[in-house]
Amino acid sequence: MEGQDEVSAREQHFHSQVRESTICFLLFAVLYIVSYFIILRYKRKSDEQEDEDAIVNRISLFLSTFTLAVSAGAVLLLPFSIISNEILLSFPQNYYIQWLNGSLIHGLWNLASLFSNLCLFVLMPFAFFFLESEGFAGLKKILEDLDEQIYIITLEEESLQRRLNDRGLRSRKGLSSSVEYNIMELEQELENVKTLKTKLERRKKASAWERNLVYPAVMVLLLIETSISVLLVACNILCLLVDETAMPKGTRGPGIGNASLSTFGFVGAALEIILIFYLMVSSVVGFYSLRFFGNFTPKKDDTTMTKIIGNCVSILVLSSALPVMSRTLGITRFDLLGDFGRFNWLGNFYIVLSYNLLFAIVTTLCLVRKFTSAVREELFKALGLHKLHLSDTSRDSETTKPSVNGHQKAL
């Protein structure tokens, strides 16, 4: 009997391992396909040539797609774990969700940590240097025919000679190189103005339904989410001051599927998931809004593979930090699993408290600064509340009305 029990336990363990591996593979395959189409949307079409460099571009494309899929998995890791805990708590004996267990969740966390480190320190550096060194073709170009090199040098020499002749003609006509440089600057500025004009015309063509309902609703939703985030961080600061279990490291909850980690149950878990996605989106938008990374933003059908690699690395760093940031700020009480919870600084009270204080202060200042009187007035106009102050505005307009002789009237 003991031998049969041991064999059945081994078979059950084997089947569970196969099931978990299959589920992980299917989830990653879906993320990989989605990531592949996202990168194709932004990849420059002129890079799809058929020569030795095509192999280099394909390898870099596959590695970038793999990295972006890992980033998406890291973003979905915490929301998937939270919703799985609530499902197991609501349907503990359901036959159709037996595949959803603590072993699978721990395995996903370990794989996300492993692949994140692999992409960040191995695959992406290899893809970048492999692309810059022109891959396998770099070895062949050492032994290229000298006639081709001489031909290229001759073309460059003729081009330089023509430029020198043109510059000499300009100097005779009174045009200097500084004037030429200014003309190039004006052309670039004109191009930027045309781009801005196109965006403004697109906004102008927006329907009245979008202007009066969608935009104000999005603005109010962002305001509510930001306010809730600040409120949760403030509550987490108070918990840190009075309760040691609020620290992100050193605490272990009741386990997956044993108890709800939110006071409001499934609704609270859904709110946590929304706030986690909001933190990720705001992090990405804030990253690309920095002046230093302004030219780093990917453009549709016009992004080089080098920029794609850089963007994948940036998103990977932000997505890998998302679970740790969400737990440190108290957005969720779900314990960090795998290598995510093994950072030593997570047990340092002063670092965690300073991080929460910095987030609360900076977010509050940003909220006050962005939600200015101009934004409030636009929301009031969109919602029709500006009519309540119509008498005041009319009185103010009368007091500032200019007189006949050109001077301004005053009370």
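Residues numbered from 1 in each chain as written. Predicted model: local features only at pLDDT ≥ 70, side-chain atom pairs only at ≥ 80, totals over all residues. Heavy atoms only, no water.

**So, the pattern of salt bridges**
Reasoning step 1: Applying the stated rule across the entire model yields 1 salt bridge.
Reasoning step 2: With a shortest N-O distance of 3.2 Å, D302 and R44 are connected by a salt bridge. Of this pair, D302 sits in the loop between α8 (265-289) and α9 (305-328) while R44 is found in the loop between α1 (2-42) and α2 (52-90), placing the two residues 258 residues apart along the sequence.
Reasoning step 3: Residue classification places D302 among the partly exposed residues on the basis of a relative accessible area of 40%. (Salt bridge = Lys/Arg side-chain N within 4 Å of Asp/Glu carboxyl O. Helix = DSSP H or I, 4+ residues; strand = E, 2+ residues; numbered from the N terminus. Buried < 20%, exposed > 50% of the residue type's maximum accessible area, 1.4 Å probe, protein only.)

**Thoughts on α9**
Reasoning step 1: Over its 24 residues, α9 extends 35 Å from the first C-alpha to the last, a length consistent with the 34 Å expected when each residue adds 1.5 Å.
Reasoning step 2: At L322, α9 is bent by approximately 40 degrees, the largest bend along its length, and proline P323 sits one to four residues beyond.
Reasoning step 3: The element α9 is extensively covered by neighbouring structure, given that 17 of its 24 residues are classed as buried.
Reasoning step 4: Taken from the residues just after α9, G330 is the one with a positive phi, measuring 80 degrees. (Expected span 1.5 Å × (residues − 1). Bend = angle between axes of the 7 residues up to and from the residue.)

**Things to note about α8**
Reasoning step 1: Over its 25 residues, α8 runs 36 Å from end to end, which matches the ideal 36 Å to within 8%, given 1.5 Å per residue.
Reasoning step 2: The complete set of buried residues in α8 reads G265, G268, A269, E272, I273, L275, I276, Y278, L279, M280, F287 and Y288.

**Topic: the packing of helix α3 (residues 102-132) against α9**
Between two packed helices, the angle of one axis relative to the other and the distance separating the axes together describe the packing.
Reasoning step 1: Between α3 and α9, whose axes approach to 10 Å, the crossing angle comes to 160 degrees. Regarding the angle of α3 to α9, the classification is roughly antiparallel. Here the hand of the crossing between α3 and α9 comes out left-handed. Listed contacts from α9 to W109, S116, C119, L120, M124, A127, F128, L131 and E132 of α3 are M305, T306, I309, C312, V313, L316, V317, S320 and P323.
Reasoning step 2: When its residues are assigned to classes, the contact of α3 with α9 shows 14 nonpolar, 3 polar and 1 charged. (Axes fitted to C-alpha atoms, helices over the stretch in contact; angles between N-to-C directions. Parallel < 35°, antiparallel > 145°, perpendicular 65-115°, else oblique. Left-handed = near helix turned anticlockwise from the far one by under 90°. Contact = heavy atoms within 4.5 Å. Nonpolar A, V, L, I, M, F, W, Y, C, P; charged D, E, K, R; others polar.)

**Brief notes about the confidence of the model for the protein chain**
Reasoning step 1: Of all residues in the protein chain, 65% attain a pLDDT of 70 or more, and the chain-wide mean is 75.
Reasoning step 2: Least confident of the elements in the protein chain is helix α12 (residues 390-399), whose mean pLDDT is 42; most confident is α9, at 90.
Reasoning step 3: Counting interchain partners and residues more than four positions distant, the pLDDT-below-50 stretch residues 135-141 has 12 contacts. (pLDDT = per-residue confidence, 0-100.)

**Remarks on the state of the cysteines**
Reasoning step 1: Under the definition given, this model contains 0 disulfides.
Reasoning step 2: Cysteine C312 is unpaired, with the sulfur of C119 as its nearest cysteine sulfur at 9.4 Å.
Reasoning step 3: The class for C312 is buried, based on a relative accessible area of 4%. (Disulfide = S-S within 2.5 Å.)

**Let's talk about the packing of α8 against α9**
Reasoning step 1: With their axes 10 Å apart at the nearest point, α8 and α9 run at an angle of 140 degrees to one another. The orientation of α8 relative to α9 falls into the category oblique. Between α8 and α9 the crossing geometry is right-handed. On α9, the residues touching I276, L279, M280, S283, V284, F287 and Y288 of α8 are N311, S314, I315, L318, S319, L322, M325 and S326.

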